[in-house]
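Summary of structural features
Letter by letter, the chains look like this.
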Amino acid sequence: MAKSKSVVSSTQRSSGVQDAQVIGQGGELHQVAGGTHPPMTTQHGVVVSDDENSLKAGQHGPTLLEDHVLLEKTQHFDHERIPERIVHARGYGAKGYFELTESLKGISKAGIFNRVGEKTPVFVRFSTVAGNMGSADLARDVRGFAVKFYTPEGNWDLVGNNIPVFFIQDAIKFTDLIHSVKQEPDRGFPQAASAHDTFWDFVSLMPESTHMLMWVMSDRAIPRSFRLMEGFGVHTFRLVNEEGKSTFVKFHWRPKLGAASVIWDEALKINGADPDFHRRDLWTAIEQGNFPEWELGLQLFDEDFANKFDFDVLDATKLIPEEILPLKIVGRMVLDRNVDNYFAETEQVAFCTKTVVPGIDFSNDPLLQGRNLSYVDTQLSRLGGPNYNQIPVNAPKCPWMNMQRDGHMTMVPQKGRVSYSPSSLEADSPRQDPQNGFSSFQEPMEGNKLRIRAESFADHFSQALMFFNSQTESEQAHIISAFIFELSKVETKAIRTRMVGQLANVDPSIAQRVANGLGMTGPIEPVATTVAAKTGLATSDALSMQKKAKPGLATKVIGCLVADGTDAAVVLALQTAAAKLGAQVKIVAPKIGGATAADGTALEADFQLAGGPSVLFDSVYVALSADAAALLSTEAAAVAWVHDAFAHLKVIGATSESQALMDAAGVVADEGVLSGSKLAPYLKAAGNGRVWTREPNVRTVY
Ligand code: HDE
């Protein structure tokens with residue numbers, strides 16, 4: 001076989017366009033452009049001479065078993081997958097730091113809460129719960145918000161969610177909850193969806209889930225971005241000071257840019273247009289230097305304060321309204337680095353609620369207590385053994401040493417003869433340290449062993465009603481619509497009826513609105529309950545995303561539709577003005593090669609029309625010439641682009657020449673349609689977010 005002179009050693013690997021390599025017809029490797037690369041090796045460090053051809057007996061002979069390069073490569077590949085997480089399988093991670101801004105001296109002895117200004121490295125993983133690893137990002141679901149703090153006193157994991165309450169009160173019901181929401185076991189579907197019989201069968205029989213149902217039917221369950229989510233530790237934890245005194249604490253993450261969500265029809269379409277919408281958004285923001293940032297807020301209280309409530313602070317289906325107990329902001333978290341390798345870090349990171357440091361302790365929340373077992377247990381099968389904490393993403397960044405030895409995949413050789421205690425043989429073997437070591441809060445305990453739910457856990461409806469009443473009109477309408485959507489997918493009529501009966505326990509008018517949307521006739525029978533909803537609870541503005549929304553265009557994305565004949569000056573002005581406000585403009589054109597502007601300049605495109613639907617953008621601008629607008633009025637993708645933006649309550653800017661397409665898309669003038677206007681009013685309106693008042697004009701509000 002003739003070898004070309006340009007053949008390079010196959011010990012070199014390609015990286016990027018500049019060093020592209022091409023395989024020739026004879027299996028030889030040609031280097032297209034130059035570059036310096038380290039030699040490729042096997043896992044044993046032996047340099048590979050040929051990574052393109054397996055070892056054969058003669059030109060057409062069988063492949064030889066002694067080809068250890070082929071065998072190693074294939075065997076490694078065969079074992080590339082590990083069991084995905086049972087819940088929260090779909091997730092995305094990033095790195096950054098936590099900086100303490102206010103000391104908690106006297107409240108917690110944890111170093112991370114005492115050294116103001118210190119930056120503690122963190123690893124954060126956001127996730128959905130129900131879907132498998134390859135599911136789409138915009139499922140209606142609670143999002144995981146798990147933070148690993150690598151403190152000098154050891155790791156602390158705050159494994160929270162983006163919703164402050166949970167479905168169940170006792171860990172023993174978690175398996176049932178998850179089995180009900182995951183794919184139904186006989187048929188293996190639906191994927192990443194709660195809209196099916198088994199979920200609604202279970203929750204309609206579990207009145208304690210009602211408060212959480214209000215949250216997951218709200219827009220909180222379809223966030224615009226991981227960056228724009230609040231986070232919550234959910235349970236009541238304890239902080240413990242030097243004297244061993246404990247203070248109850250609830251943890252809150254507050255996004256600096258405010259919280260924001262998409263709307264349901266948009267979520268459905270984003271899942272098709274870009275199933276990786278959330279991970280792409282996080283990755284891109286960090287790559288661009290738009291580092292996501294959250295404040296850490298604490299609700300601190302003592303037993304006396306806790307005892308004043310009718311509900312139990314150990315019940316994870318309840319929250320303490322901020323109006324009653326305001327947040328004390330003690331620090332900020334910034335995510336400023338993407339992972340280097342998705343599998344090594346995001347997939348192998350192992351969080352656990354029991355990973356705490358001195359100064360932070362558990363409460364007796366029966367859900368939290370159950371979690372403390374589950375997380376370690378699941379890592380044993382997921383990561384293959386007891387040494388998963390030696391994987392770099394899980395290992396503490398402070399020294400660690402103990403008497404634990406051996407086991408599957410031991411990576412760190414702990415030195416010495418002594419692997420037991422007490423011992424006398426080595427002067428430097430590790431010893432317990434009662435002064436600085438972790439010691440549990442000395443909570444007095446007594447009582448009989450009982451399988452029991454405390455009576456203080458019995459009110460399932462009051463806070464569900466408080467949450468609903470705290471929402472704006474359009475937020476309430478979205479909750480109603482979500483119940484209607486989900487229950488309309490439930491095939492068993494009795495389940496729909498029972499769920500509506502449960503909602504009647506929250507408020508008959510909520511139940512009636514859902515019943516109307518389901519086309520249910522006849523009186524609604526509330527499901528029997530022992531504790532009725534308290535109707536007099538004060539509402540909490542802090543529970544509404546719309547009431548707290550922060551205006552501004554920072555990190556928002558504007559989609560700009562162009563075509564041949566577009567006025568290039570309009571596009572440039574939009575790009576310049578948007579950039580000044582921290583937003584970016586993505587150009588969408590009928591062809592990915594771009595368009596030729598009226599003055600002959602080339603307009604580069606970021607998206608081809610069919611691949612860049614308006615659901616991917618926060619706001620849109622239609623920058624067409626009259627001819628192009630007329631032409632695109634018969635192009636379904638263009639009509640849908642504008643129509644969807646309108647139906648998704650987005651602010652729409654347009655040149656007056658674009659009117660034909662606006663008409664074809666059924667756009668009706670309102671405060672969010674700025675056709676033919678100057679850019680400044682358009683950008684101001686876009687910064688204010690969605691046009692909620694438009695909703696009744698574009699869909700039925702039940
Ligand atoms: Fe989890 N949960 N959970 N959970 N959870 C897991 O641990 C579990 C609960 C949460 O990004 C698993 O490593 C039980 C509440 C997050 O890796 C598993 C109970 C909250 C993540 C597990 C709960 C959470 C998990 C699966 C009820 C909000 C993803 C893989 C007693 C406060 C962490 C794993 C990541 C993951 C068990 C309830 C949050 C099976 C038994 C409440 C954010 O161990």
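Residues numbered from 1 in each chain as written. Predicted model: local features only at pLDDT ≥ 70, side-chain atom pairs only at ≥ 80, totals over all residues. Heavy atoms only, no water.

Regarding its fold elements, the protein chain presents 20 helices and 20 strands. For a compact globule of 702 residues, the expected C-alpha radius of gyration is about 27 Å, and the protein chain comes in at 29 Å, within 12% of that figure. Along the three orthogonal principal directions, the C-alpha set of the protein chain runs to about 80 × 80 × 55 Å. Among the 702 residues that make up the protein chain, the fraction classed as buried is 51%. In the protein chain, of all internal contacts separated by at least 6 residues, the share reaching a separation of at least 24 is 71%. (Helix = DSSP H or I, 4+ residues; strand = E, 2+ residues; numbered from the N terminus. Rg over C-alpha atoms; globule rule 2.2 N^0.38 Å. Buried < 20%, exposed > 50% of the residue type's maximum accessible area, 1.4 Å probe, protein only. Contact = heavy atoms within 4.5 Å.)

Of all 9 residues making up strand 5 (residues 143-151), 9 are buried, and the element is well covered by its neighbours. Sheet topology places strand 4 (residues 119-128) next to strand 5; 7 bridges connect them, and they run antiparallel. Note that in strand 5 the partner of F126 across the bridge is F145. In this sheet, strand 6 (residues 154-161) lies alongside strand 5 in antiparallel orientation, the contact comprising 8 bridges. Across the sheet, T151 pairs through a bridge with G154, a residue of strand 6. Between the antiparallel neighbours strand 5 and strand 6 lie 2 residues. (Pairing = 2+ DSSP bridges.)

Summarising the element assignment, V87 is placed in the loop between helix 1 (68-78) and strand 3 (91-100). Look at V87 and you get buried, because its relative accessible area is 16%. With 104 residues separating them in the primary sequence, V87 and Q191 have C-alpha atoms 12 Å apart. Once you skip the residues sitting within four places of it in the chain, V87 turns out to touch V129, F174 and I178.

Further remarks concern the site of the ligand. Lining the immediate surroundings of the ligand are 22 residues, of which R85, R125, R371, Y375 and Q379 lie closest. Here a nitrogen atom of the ligand sits 3.3 Å away from a polar atom, N or O, in the side chain of H88. Contact between the ligand and Q379: an oxygen atom at 2.7 Å from a side-chain N or O atom of the residue. Placement of the ligand is best described as lying within the second largest pocket. Secondary-structure elements contributing two or more residues to the shell around the ligand are strand 5, strand 6 and helix 9 (366-382). For the shell around the ligand, the element with the most residues is helix 9, which contributes 6 residues. Of the residues that constitute the shell around the ligand, the class distribution is 10 nonpolar, 9 polar and 3 charged. (Near = heavy atom within 4 Å. Polar contact = N/O pair within 3.5 Å; in protein donor to acceptor, adjacent residues only side chain to side chain. 1 Å grid on protein atoms, 1.4 Å probe; cavity = no way out; pocket = protein on both sides within 12 Å on 5 of 7 lines; lining within 4 Å. Sits in = over half its atoms within 2 Å of the grid points. Nonpolar A, V, L, I, M, F, W, Y, C, P; charged D, E, K, R; others polar.)

Attention now goes to the coordination of the iron atom of the ligand. Just one protein atom coordinates the iron atom of the ligand, and that atom is Y375 (OH), at 1.9 Å. Along the polypeptide, Y375 turns up in helix 9. (Donors = N, O, S within 2.8 Å, 3.2 Å for Na, K, Ca; no water.)

Here the focus is the layout of surface pockets. The space that makes up the largest pocket amounts to roughly 1400 Å³. Lining the largest pocket we find 44 residues, and of these E153, G154, P396, W400 and N402 sit closest to its centre. It is strand 6 that contributes the most residues to the lining of the largest pocket, 3 residues altogether. A per-class count over the lining of the largest pocket returns 18 nonpolar, 17 polar and 9 charged. Each pocket or cavity is described by its volume, and for the second largest pocket that value is around 920 Å³. Along the wall of the second largest pocket there are 36 residues; nearest its centre are V87, H88, F174, S374 and Y375. Contributing elements (two or more residues each) for the lining of the second largest pocket: strand 4, strand 5, strand 6, helix 2 (174-181) and helix 9. Broken down by element, the residue count for the lining of the second largest pocket peaks at 11 residues, all from helix 9. (Points joined across faces, edges and corners; volume = space filled by probe spheres on them.)

Our next topic: unusual backbone geometry. The amide bond that connects F189 to the next residue, P190, takes the cis arrangement and shows omega of 5°. In this fold, P190 is placed in the loop between helix 2 and helix 3 (197-204). In this structure, P422 follows S421 across a cis peptide bond, with omega equal to 5°. Topologically, P422 is positioned in the loop between helix 9 and helix 10 (462-469). Here M409, not a glycine, exhibits a phi torsion of approximately 60°, which is positive. Here M409 is to be found in the loop between helix 9 and helix 10. The phi dihedral of L649 falls on the positive side, at around 65°, and the residue is not glycine. In this structure, L649 sits in the loop between helix 17 (636-647) and strand 19 (652-654). On the accessibility criterion, L649 (0% relative accessible area) is buried.

A few words on helix 12 (residues 493-506). Between the first and last C-alpha of helix 12 there are 21 Å, a value that for 14 residues agrees with the 20 Å anticipated at 1.5 Å per step. Listed in full, the buried residues belonging to helix 12 are I495, M499, V500, G501, Q502, L503, A504, N505 and V506. (Expected span 1.5 Å × (residues − 1).)

So, about the packing of aromatic side chains. All told, the structure shown has 27 aromatic pairs when counted by the stated rule. Ring geometry for F126 versus F226: centroids 5.0 Å apart, planes at 15°, classification stacked. Taken together, the positions of F126 in strand 4 and F226 in the loop between helix 4 (210-216) and strand 7 (231-232) put the pair 100 residues apart, joining distant regions of the chain. F226 matches F126 in its accessibility class, with the two residues each being buried. Taken together, F98, F113, F126, F145, F149, W156, F226, F237, F251, W253 and W294 form an aromatic cluster joined through their ring pairs. Above the face of the Y97 ring, K119 is positioned so that its terminal group lies 4.5 Å from the ring centre. For K397, the ring lying beneath its charged end belongs to Y150, and the centroid distance is 4.3 Å. (Phe/Tyr/Trp six-rings, centres within 6.5 Å; stacked < 30°, edge-to-face > 60°. Lys NZ or Arg CZ within 6 Å of the ring centre and 35° of its normal.)

So, about the pattern of salt bridges. Using the criterion set out here, one finds 41 salt bridges in the structure. Here R224 makes a salt bridge to D618, at a shortest N to O gap of 2.7 Å. In this pair, R224 sits in the loop between helix 4 and strand 7 while D618 sits in the loop between strand 17 (607-608) and strand 18 (619-622), placing the two residues 394 residues apart along the sequence. With a closest N to O distance of 2.6 Å, E322 and R254 form a salt bridge. Of this pair, E322 sits in the loop between helix 7 (303-307) and strand 11 (328-338) while R254 sits in strand 9 (residues 246-255), placing them 68 residues apart in sequence. (Salt bridge = Lys/Arg side-chain N within 4 Å of Asp/Glu carboxyl O.)

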